[in-house]
Amino acid sequence: MGNGSSFEQIKTIYLDINGKEEKIIFSRHSTPLEIHELIAQAAGVNKHSTISLRDKNGAHVAVSPTMPVNSAQNPYKVVTREPPPATDNDAFQAVLTHVAEQLNRVFQMEETRSHLNHRINMLEKKIEIEGLKAVEIEKCKSEISYIRDQLWNAQKKYVDFNRLRPIMTSGSCDHFFSSLSDERKIILKRDIPTYPKYTLSQETVDYLKQPTFDIWHWEPNEMLSLLEHMYHELGLVEEFNINPIVLKRWLLCVQENYRNNPFHNFRHCFCVTQMMYGMIHLCKLWERMTTEDLGILLTAAVCHDLDHPGYNNTYQINARTELAIRYNDISPLENHHCAVAFQILSNPETNIFAYVDKDTFKRIRAGITMLILATDMARHAEIMESFKEKLAAGFDDKNKEHLDTLKMVLIKCCDISNEVRPMEVSEPWVDCLLEEYFNQSDREKIEGLPVAPFMDRDKVTKPTAQIGFIKFVLIPMFETVARVFTQIDEVMVQPLKNAKDRYEEMKSIEEAQKEAKKALSQNH
């Protein structure tokens, strides 16, 4: 289920027109003018009348397809004002003005389209040329390195036949990942305001704190507004003295640096951050941690998969990509996510921590880095063992080492928490993850690299992919956290057990269908 299902197609809005309840239904593709005329029709007034909507608190609500959905109990109050009587001349002038605006818009669109097409063609040519240059440079580097080695070996009267092959081949993925350099300058491609300030209903504000929150019902701009709300609501804007405009710019830049992968994309970033926000409220973490700690947790969640290429660490290491070489095969992706996060923060226009002192920034940097590196599943057993040891010794909120381990476990929980959510929210994520896995295993087969069975489209199914993971990773981890926060048991552990039972039932049905099909084919 991708971004195509990210928002409901039809909206129902309830209205209070002079004490009489009315409702209007429209598509999210409707224009503000069409909605205005719909309200005018419901109110029984001229479509040229001035119409404004107000919520129960008296706040103005924009007449647009993105207006927050309300309920019959909380309708928007409709305030109308009739237009002054128009003369024939006024009507004629209005028609002329409307026609002129439409013509002007058409010509401007054609001109803009032509200009953009020209720019795109120029950029494509430039990218192609630069790409070829990069390949040639890499080939030259390889050849120089090879010749230098041969000269050295010749001087030693010895030839190392293991080195008699080019470092880069035409089928290599080094060039594919050459864009994953940590040294590039990251700048914001677009400036605010590019997304409107959404009026969040109290219902949405409360729902945002729940693990059951449906992350598929929000468009990218709305996700940005919800993330922005989290920073304000938790007091992080005040704590770090964040410029609200810089916060908007930072969130935009983060969004631009998540790729359109099937799974590791900006919606996954939002999903993990929302779960972290939910756990902060569910566990009342402010009673155990400082506001600075909460800011580190939330910011690490936002940045934890920045610029993820859609191919995991195993692929990076086996394919000997630039990142694997740079980080000596040690958590290459997580190290890269950290590097990109602090590249963004190094730009004054997107540095939300610009006004904290040096010591505070040092703690923030160390904390975010520690948490993002903890999301490498290769470290799962190590981190969980450390957490269990601290629980056995008696968990101490005042002990920094204990608190750091708890924070690492919390971000791990949030990163792989999809199955905690209701089935209709969690199951589409499994499809997205399997699609990304299959893309990788297909590439590994082509390149002759090892293929993990759980990523092979010929061997894995949805239930087999999830049962073991829920049973041996998720449930034990969340049960361990529930020893510190007992409220997690009902809200998170039980839904995980229900999900395991559901997938086991799905597996039984699939096996029964397979057996029936096999028996049928034998009879024929």
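This one's a predicted model, so the numbers in the text were calculated from it and none came from an experiment.

In this section: the layout of surface pockets. By volume, the largest pocket is sized at about 1100 Å³. Going through the elements one at a time, α9 (313-318), α11 (332-345), α15 (423-447) and α16 (462-481) are the ones with two or more residues in the lining of the largest pocket. Broken down by element, the lining of the largest pocket gets its largest block of residues, nine residues, from α15. Broken down by class, the residue content of the lining of the largest pocket amounts to 22 nonpolar, 16 polar and eight charged.

A few words on the UniProt feature "binding site: AMP" (unreviewed entry) in the protein chain. UniProt's feature table lists "binding site: AMP" (unreviewed entry) at His264, Asn265, Phe266, Arg267, His268, Asp305, Asp415 and Gln466, given in the numbering used throughout. The subset of these annotated residues that lines the largest pocket comprises His264, His268, Asp305, Asp415 and Gln466. Relative to the assigned elements, Phe266 resides in helix α7 (residues 266-282). Contacts of Phe266, omitting those with residues within four sequence positions, involve Pro220, Met223, Leu224, Leu227, Gln255, Tyr258 and Arg259. The topology assignment puts Asp415 in helix α14 (residues 400-415). With relative accessibility at 13%, the residue Asp415 sits in the buried group. When neighbours within four sequence positions are excluded, Asp415 is seen to be in contact with His268, Val272, His304, Asp305 and Thr375.

The subject of this paragraph is the packing of aromatic side chains. Summed over the entire model, instances satisfying the criterion amount to twelve aromatic pairs. Between Phe263 and Trp429 the ring centres are 5.3 Å apart and the planes differ by 70°, which places this aromatic pair in the edge-to-face class. Of this pair, Phe263 sits in the loop between α6 (244-256) and α7 while Trp429 sits in helix α15, and the two are 166 residues apart along the sequence. Neither Phe263 nor Trp429 differs from the other in exposure class; each is buried. Look at Tyr311 and Tyr315: their rings are 5.1 Å apart centre to centre, the planes differ by 45°, and that puts the pair in the tilted class. Here Tyr311 falls in the buried class, since its relative accessible area comes to 11%. In this structure Tyr315 comes out as buried when scored by relative accessible area, which is 0%. Here a set of aromatic residues connected by ring pairs shows up, and it is made of Tyr207, Phe213, Trp218 and Phe270. Directly above the ring of Phe342 sits Arg365, whose terminal nitrogen or CZ lies 4.5 Å from the centroid. When the ring centre of Tyr503 is taken as origin, the NZ or CZ atom of Arg502, which lies over that ring, is 5.2 Å away.

Okay, the environment of Ala452 next. Considering the arrangement of structural elements, one finds Ala452 in the loop between α15 and α16. Residues Ala452 and Tyr437, spaced 15 residues apart in sequence, show a C-alpha to C-alpha distance of 9.3 Å.

In this section: the pattern of salt bridges. Applying the stated criterion across every chain yields a total of 22 salt bridges. Between Arg363 and Glu292 there is a salt bridge whose closest N-O contact spans 2.9 Å. Of this pair, Arg363 sits in helix α12 (residues 358-373) while Glu292 sits in helix α8 (residues 291-303), and the two are 71 residues apart along the sequence. Residue class for Arg363 comes out partly exposed when judged on its relative accessible area of 43%.

Attention shifts here to the packing of α14 against α16. Two numbers describe how α14 lies on α16: the axes approach to 11 Å, and their chain directions differ by 140°. On the basis of the axis angle, α14 is oblique to α16. At the point where α14 passes α16, the crossing takes the left-handed sense. Side by side, α14 and α16 meet where Val409, Lys412 and Cys413 of the first sit next to Met477, Phe478 and Val481 of the second. Looking at the contact of α14 with α16, its residues break down into five nonpolar, no polar and one charged.

What counts and what doesn't
Every chain's residues receive numbers from 1 upward, in the order its sequence appears when written. A pLDDT threshold of at least 70 governs which residues receive local features in this predicted model, and a stricter bar of 80 or more applies before side-chain atom pairs are shown or counted, although totals over entire chains, interfaces and linings include all residues. Hydrogens and water are ignored here; the side-chain numbers use all heavy atoms of the structure. Grid spacing is 1 Å over the protein atoms alone, the probe is 1.4 Å, and a cavity is where that probe fits but cannot get out, while a pocket is an open set with protein on both sides within 12 Å along at least five of seven lines and lining residues have an atom within 4 Å of a point. Grid points are joined across faces, edges and corners, and a volume is the space filled by probe spheres set on the points. We count a stretch as a helix when DSSP gives it H or I for four or more residues in a row; a strand needs E for two or more, and each element gets its number in order from the N terminus. Nonpolar residues are Ala, Val, Leu, Ile, Met, Phe, Trp, Tyr, Cys and Pro. Charged residues are Asp, Glu, Lys and Arg, and all others, Gly as well, are polar. UniProt positions are given in the numbering used here, feature names are shortened, and annotations may be inferred rather than shown by experiment. In what follows, residue pairs with any heavy atoms lying within 4.5 Å of each other are defined as contacts. When a residue's accessible area, from a 1.4 Å probe over protein chains only, is under 20% of the maximum for its type it is buried; when over 50% it is exposed; and in between it is partly exposed. The rule is short: rings of Phe, Tyr and Trp, with Trp giving its six-membered ring, pair when the centres are within 6.5 Å, and they are stacked under 30 degrees, edge-to-face over 60, tilted in between. Either the NZ atom of lysine or the CZ atom of arginine qualifies as a charge over a ring when it sits within 6 Å of the ring centre and within 35 degrees of the ring normal. When a carboxyl oxygen of Asp or Glu lies within 4 Å of a side-chain nitrogen of Lys or Arg, that pair is called a salt bridge. The convention used is that axes are lines fitted to C-alpha atoms, helices contributing only their stretch in contact, and that angles between N-to-C directions extend from 0 to 180 degrees. These descriptions rest on fixed angle ranges, namely under 35 degrees for roughly parallel, over 145 for roughly antiparallel, 65 to 115 for roughly perpendicular, and the rest for oblique. Rotating anticlockwise by less than a right angle from the far helix to the near helix defines a left-handed crossing, while the corresponding clockwise rotation defines a right-handed one.

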